[in-house]
Amino acid sequence: DGGITQSPKYLFRKEGQNVTLSCEQNLNHDAMYWYRQDPGQGLRLIYYSQIVNDFQKGDIAEGYSVSREKKESFPLTVTSAQKNPTAFYLCASSISRTDEAFFGQGTRLTVV
Amino acid sequence: GDSVTQMEGPVTLSEEAFLTINCTYTATGYPSLFWYVQYPGEGLQLLLKATKADDKGSNKGFEATYRKETTSFHLEKGSVQVSDSAVYFCALSTSGTYKYIFGTGTRLKVLA
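About the cut-offs
Residues numbered from 1 in each chain as written. Chains lettered and ligands numbered in written order. Predicted model: local features only at pLDDT ≥ 70, side-chain atom pairs only at ≥ 80, totals over all residues. Heavy atoms only, no water. Helix = DSSP H or I, 4+ residues; strand = E, 2+ residues; numbered from the N terminus. Rg over C-alpha atoms; globule rule 2.2 N^0.38 Å. Buried < 20%, exposed > 50% of the residue type's maximum accessible area, 1.4 Å probe, protein only. Areas by Shrake-Rupley, 256 points an atom, 1.4 Å probe, with all protein chains shown as cover. Lys, Arg positive; Asp, Glu negative; His and termini not counted. Charge placed at Lys NZ, Arg CZ, Asp CG, Glu CD. Core = buried A, V, L, I, M, F, W, Y, C linked by side-chain atoms within 4.5 Å. Contact = heavy atoms within 4.5 Å. Buried area = accessible area lost by both parts, 1.4 Å probe. Salt bridge = Lys/Arg side-chain N within 4 Å of Asp/Glu carboxyl O. Polar contact = N/O pair within 3.5 Å; in protein donor to acceptor, adjacent residues only side chain to side chain. Nonpolar A, V, L, I, M, F, W, Y, C, P; charged D, E, K, R; others polar.

Participant: Give me the overall build of chain A: which residues, what numbers.
Facilitator: When its secondary structure is counted, chain A shows zero helices and 11 strands. Tracing chain A from N to C terminus, the helices and strands come up as β-β-β-β-β-β-β-β-β-β-β. Radius of gyration (C-alpha) of chain A: 13 Å, near the 13 Å computed for a compact globule of 112 residues. Taken along the three principal axes of its C-alpha coordinates, chain A extends 35 × 25 × 25 Å. A total of 112 residues make up chain A; the buried ones form 47% of that total. Of the roughly 5500 Å² that chain A leaves accessible, carbon and sulfur atoms contribute 46%. The centroid of the 12 positive side-chain charges in chain A is displaced by 8 Å from the centroid of its 12 negative side-chain charges.

What follows is the structure, given as structure tokens:
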């Protein structure tokens, strides 16, 4: 079945450490996205990529980095510069600007 | 800029009650409109969509009509079930950008 796979589902990080969240899709979508979700808030865009080897900052990119070396993969690194990294992270992909986005199951990151 | 406003929750209903969740939007051009549903600890799933004015999206008993004149996309269901308890997000996308804009979500709780 086609879809988006995020791993791990739960992740714990010590303060000062970088951590990378995985996102893989087999939908053959060009566009991929990373969103952050905090309790009681909507989704906020971190980064998005329209095509391999290209990506743009979203609304809250500070303290995060991404790469897009393959069409199927769009990993997100949460760096030690992110002041409040504890959140639920959602990866998504879409085939075009006006079609729906497909979401992964999310990764819950907790800083301990 | 583009934005989505949806009614604040939580919304608590008895089983078989009628559901309406209001959503209005601001966008340049002609956006595509979406309703997503999120169950606890999971990613977002597309519930329904509409891509042009007067289109009606429908799925699993839920309906929403794209009203350009009132810039609205209200979600309705004639008879809710306990299993409909979740958070519902209204969203839009436009051809001018790859960004999806989400509302803050409305939590629905259905009591047996």
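We are not done yet, so read on.
Participant: Run through the nonpolar core, naming residues and quoting values.
Facilitator: Ranked by internal contacts, the top residues of the largest apolar core, which has 26 residues, are Leu19, Trp35, Leu48, Phe73, Leu75 and Tyr88 of chain B. When residues of this core are traced back to their parent elements, those giving at least two are β2 (11-14), β3 (19-21), β4 (23-26), β5 (32-38), β6 (44-50), β8 (62-65), β10 (86-93) and β12 (106-111) of chain B. At four residues, the largest contribution of residues to this core is made by β10 of chain B. The contact partners of Tyr88 of chain B, leaving out residues within four places of it in the chain, are Gln6, Ile21, Trp35, Tyr36, Val37, Leu47, Phe62, Leu75, Gly105, Thr106 and Leu108 of chain B. Leu45 and Leu90 of chain A together with Phe89 and Tyr98 of chain B belong to the second largest nonpolar core, which has 20 residues in total.

Participant: Tell me about the interface of chain B and chain A, residues and numbers included.
Facilitator: With 23 residues of chain B in contact, the opposing surface of chain A contributes 25 residues. Together chain B and chain A conceal approximately 2000 Å² of surface at their shared face, both sides included; 54% is due to carbon and sulfur atoms. Applying the counting criterion to the chain B and chain A interface returns three salt bridges. The residue Asp59 of chain A makes a salt bridge to Lys99 of chain B at a minimum N-O spacing of 3.0 Å. Summed over the shared surface of chain B and chain A, the result is eight residue pairs in polar contact (both at pLDDT 80 or more). Broken down by secondary-structure element, the contributors of at least two residues to the side of chain B that touches chain A are β5, β6, β10 and β11 (100-102) of chain B. Per-class residue counts for the side of chain B that touches chain A are eight nonpolar, 12 polar and three charged.

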